[in-house]
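Listed below, chain by chain, are the residues.
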Amino acid sequence: MIKALHALVLAGGFACGLAMAQAQNPAAGGAVTAAPAAPGTAAAPAAAASAPGGIQSQNIFEVKPEASADPNYLNQSNGERAKVQPGNNAPMWRQVGQGVTGTSSLPRSQAPEAGNLIQPFVKYPGSRFTNAGEAWRQVRNDWIIPYGAALLFVVLLAIAIFYFTRGPIGLHGTETGRKIERFTPFERATHWSNAIAFVTLAVSGLVMAFGKFFLLPVIGAALFGWLTYALKTVHNIVGPLFVVTLVLMFITFVRDNLPRVADLKWLAKGGGLFGGQEVPSHRFNAGEKVVFWGGILVLGTIVAASGLFLDKLLPGFVYTRGEMQIAHMVHAVATMLMMALILGHIYIGTLGMKGAYDAMRHGYVDETWAREHHALWYDDVAAGKIPVQRSAEAHATPPVSTARVEGNPS
């Protein structure tokens, strides 16, 4: 029975194959067909029309040359191209990519880029020769983000190594209990307002720059989107306030940060950080002066100016895309350098030196602290050149003793 079924299946398959072969080639079944007509005769179209399904194939001798073979092909306008290749808008997009300016009802003085969809080609440091938007993207993603992250990581690593190998800088002598006012209430308020604004801008800027690498995978796209939007808003609001505190910082502390001869000796010995003995200095040592002039004045001015430009708060500018992109690159580079510099200052003012944080929080330092860390400043206080108590604040319960400072016992 099984063998009989196999034979029937084979016979049926053979019959179907023979029928299909005859359908594709009627001449094989004995049908009489007309002889093929010579090319160019009237018989050819008739034969094509009689083909199964009525499908006609194009005569190869009637095929026109490609439109791209026209010598004027690349010079065609978009209208001319549409006549030979409908739907091909390459001429229009070529002009867009080349930065060709179109027409706009807005005045040129107020909107110089109104007719430009794609910016013209430029080459920024670190980018290829491409349109300005892509060049800015390459500089940001290929240089500022990776190398900025590497700089901050190296600084943090160096601070961590120094802290765990050297530890905080302490006092060699015993505290006397006699206090010297190091910072007045106005100086502390100015410093803390600037510090809070700086930390707020730094944190929000770091999240906007690097958040997609370490926050987005953890909290998800929805929450990360809301977070970055909120931080961007805070960044734009705090930025102008930071500029105001920066100006106050400069006015308040510029007098004591003027360079002196003793600063050269301090720099030559690296402040005594690696020698075990500190180099005598005035109220601010050379390291603090480098932070003041390099961080507050130079980098601070660049960061403030570029930030105000990005906020569109500077008068007299049209704020084109190219100008905003350049301002962003300058702002990003300057802020990375400023953060790297300020990280060292934050370390010394908190974990790196005992008593430094209390000096900025309460305003007073012990006589021994002043003598060991700022010997020349202490000598001026002991000689009466600088008052022990510079502010006129009164305390119901004085937190520290303001007794007269004795002469330098050393």
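Residues numbered from 1 in each chain as written. Predicted model: local features only at pLDDT ≥ 70, side-chain atom pairs only at ≥ 80, totals over all residues. Heavy atoms only, no water.

**Comments concerning the overall build of the protein chain**
No. 1: Secondary structure summary: the protein chain contains 14 helices and four strands in total.
No. 2: Looking at the protein chain residue by residue over its 410 residues, the buried ones come to 31%.
No. 3: In the protein chain, once contacts between residues fewer than 6 apart in sequence are set aside, the share between residues at least 24 apart is 67%.
No. 4: If you sum the accessible surface of the protein chain, you get close to 25,400 Å²; carbon and sulfur atoms cover 67% of it. (Helix = DSSP H or I, 4+ residues; strand = E, 2+ residues; numbered from the N terminus. Buried < 20%, exposed > 50% of the residue type's maximum accessible area, 1.4 Å probe, protein only. Contact = heavy atoms within 4.5 Å. Areas by Shrake-Rupley, 256 points an atom, 1.4 Å probe, with all protein chains shown as cover.)

**Notes on unusual backbone geometry**
No. 1: The residue K312 is not glycine, and still its phi comes out positive at about 60°.
No. 2: By the element assignment, K312 lies in the loop between α10 (286-310) and α11 (321-352).
No. 3: Here Y319, not a glycine, exhibits a phi torsion of approximately 65°, which is positive.
No. 4: Among the residues examined, Y319 registers a relative accessible area of 14% and is labelled buried.

**Some thoughts on the nonpolar core**
No. 1: Core analysis: the biggest nonpolar cluster contains 46 residues, and I180, F242, M338 and V365 have the highest contact counts within it.
No. 2: Among the elements of the structure, α5 (132-166), α6 (185-214), α8 (221-253), α10, α11, α12 (356-362), α13 (367-373) and α14 (375-382) are those that each provide at least two residues to this core.
No. 3: For M338, the contacting residues outside a window of four places in its chain are F198, F242, G295, L299, G300 and V303.
No. 4: Listed in part, the seven residues of the second largest apolar core include Y124, A132, A135 and A332. (Core = buried A, V, L, I, M, F, W, Y, C linked by side-chain atoms within 4.5 Å.)

**Quick notes on the pattern of salt bridges**
No. 1: Applying the stated rule across the entire model yields eight salt bridges.
No. 2: For K179, the salt bridge identified is with D366, shortest N-O distance 4.0 Å. Residue K179 is found in strand β3 (residues 179-181), and its partner D366 is found in strand β4 (residues 364-366); the two are separated by 187 residues along the sequence. Pair check on accessibility: K179 and D366 agree, each one buried. (Salt bridge = Lys/Arg side-chain N within 4 Å of Asp/Glu carboxyl O.)

**Focus: the packing of aromatic side chains**
No. 1: All told, the structure shown has 16 aromatic pairs when counted by the stated rule.
No. 2: Summarising the aromatic geometry, the rings of W143 and Y147 are spaced 5.3 Å apart at their centres and angled 20° between planes, so their arrangement reads as stacked. In this pair, W143 and Y147 both sit in helix α5, four residues apart, roughly one turn of the helix.
No. 3: The exposure class of W143 is partly exposed, given its relative accessible area of 42%.
No. 4: Residue classification places Y147 among the exposed positions, given a relative accessible area of 51%.
No. 5: Ring geometry for F250 versus W293: centroids 5.9 Å apart, planes at 80°, classification edge-to-face. (Phe/Tyr/Trp six-rings, centres within 6.5 Å; stacked < 30°, edge-to-face > 60°.)

**Here we look at α10**
No. 1: For α10, built from 25 residues, the straight-helix expectation of 36 Å at 1.5 Å per residue is met to within 8% by its first-to-last C-alpha distance of 33 Å.
No. 2: Taken as a whole, α10 carries its principal kink of about 40° at G300.
No. 3: Between the side-chain oxygen of the N-cap and the backbone nitrogen of G287 there are 3.0 Å, and the N-cap of α10 in question is N285.
No. 4: The first or second residue beyond α10 is K312, which carries a positive phi of 60°. (Expected span 1.5 Å × (residues − 1). Bend = angle between axes of the 7 residues up to and from the residue. Polar contact = N/O pair within 3.5 Å; in protein donor to acceptor, adjacent residues only side chain to side chain.)

**Re the environment of P259**
No. 1: Mapped onto the elements of the fold, P259 is located in the loop between α8 and α9 (261-268).
No. 2: Excluding its chain neighbours within four sequence positions, the residues that come into contact with P259 are K289 and W293.

**Side note on the confidence of the model for the protein chain**
The predicted coordinates of low-pLDDT regions are not to be read in fine detail.
No. 1: Per-residue pLDDT for the protein chain has a mean of 83; in total, 77% of the residues score no lower than 70.
No. 2: pLDDT under 50 marks residues 21-50. Its contacts with residues more than four places away, or in other chains, come to nine contacts.
No. 3: Overall, residues 394-410 carries pLDDT values under 50, and its contacts beyond four positions in sequence, including any with other chains, amount to 31 contacts. (pLDDT = per-residue confidence, 0-100.)

**Concerning the side chain of D263**
No. 1: Mapping D263 onto the fold places it in helix α9.
No. 2: Take D263: its relative accessible area is 7%, and that puts it in the buried class.
No. 3: Within the structure, the side chain of D263 is placed 2.8 Å from the backbone nitrogen of R260, a separation counted as a polar contact.
No. 4: Beyond its immediate chain neighbours, meaning those up to four positions away, D263 contacts L258, F284, N285, A286 and K289.

**Brief notes about the packing of α5 against α11**
No. 1: Relative orientation of the contacting elements α5 and α11 amounts to 5°, with a least axis distance of 10 Å. If you check the angle between α5 and α11, you find them roughly parallel.
No. 2: Residue classes in the contact of α5 with α11 are distributed as 21 nonpolar, five polar and one charged. (Axes fitted to C-alpha atoms, helices over the stretch in contact; angles between N-to-C directions. Parallel < 35°, antiparallel > 145°, perpendicular 65-115°, else oblique. Nonpolar A, V, L, I, M, F, W, Y, C, P; charged D, E, K, R; others polar.)

**Notes on the environment of A209**
No. 1: For A209, the position within the fold is in helix α6.
No. 2: Accessibility expressed as a relative area gives 13% for A209, which makes it buried.
No. 3: The sequence separation of A209 and I144 amounts to 65 residues, and the corresponding C-alpha distance is 9.5 Å.
No. 4: Excluding anything up to four places from it in sequence, A209 contacts R140 and I145.

**With respect to a nonpolar patch on the surface**
No. 1: Taken together, L297, V298, I302, I326 and V330 make up a surface patch of nonpolar side chains, about 360 Å² in accessible area.
No. 2: Of all the elements in the fold, those that place two or more residues in the nonpolar patch are α10 and α11.
No. 3: Among the elements that line the nonpolar patch, the one with the most residues is α10, at three residues.
No. 4: With respect to the element layout, I302 can be found in helix α10.
No. 5: A relative accessible area of 35% places I302 in the partly exposed class. (Patch = residues over 30% accessible without salt bridge, like charges linked within 9 Å, V, L, I, M, F, W, Y side chains within 5 Å.)

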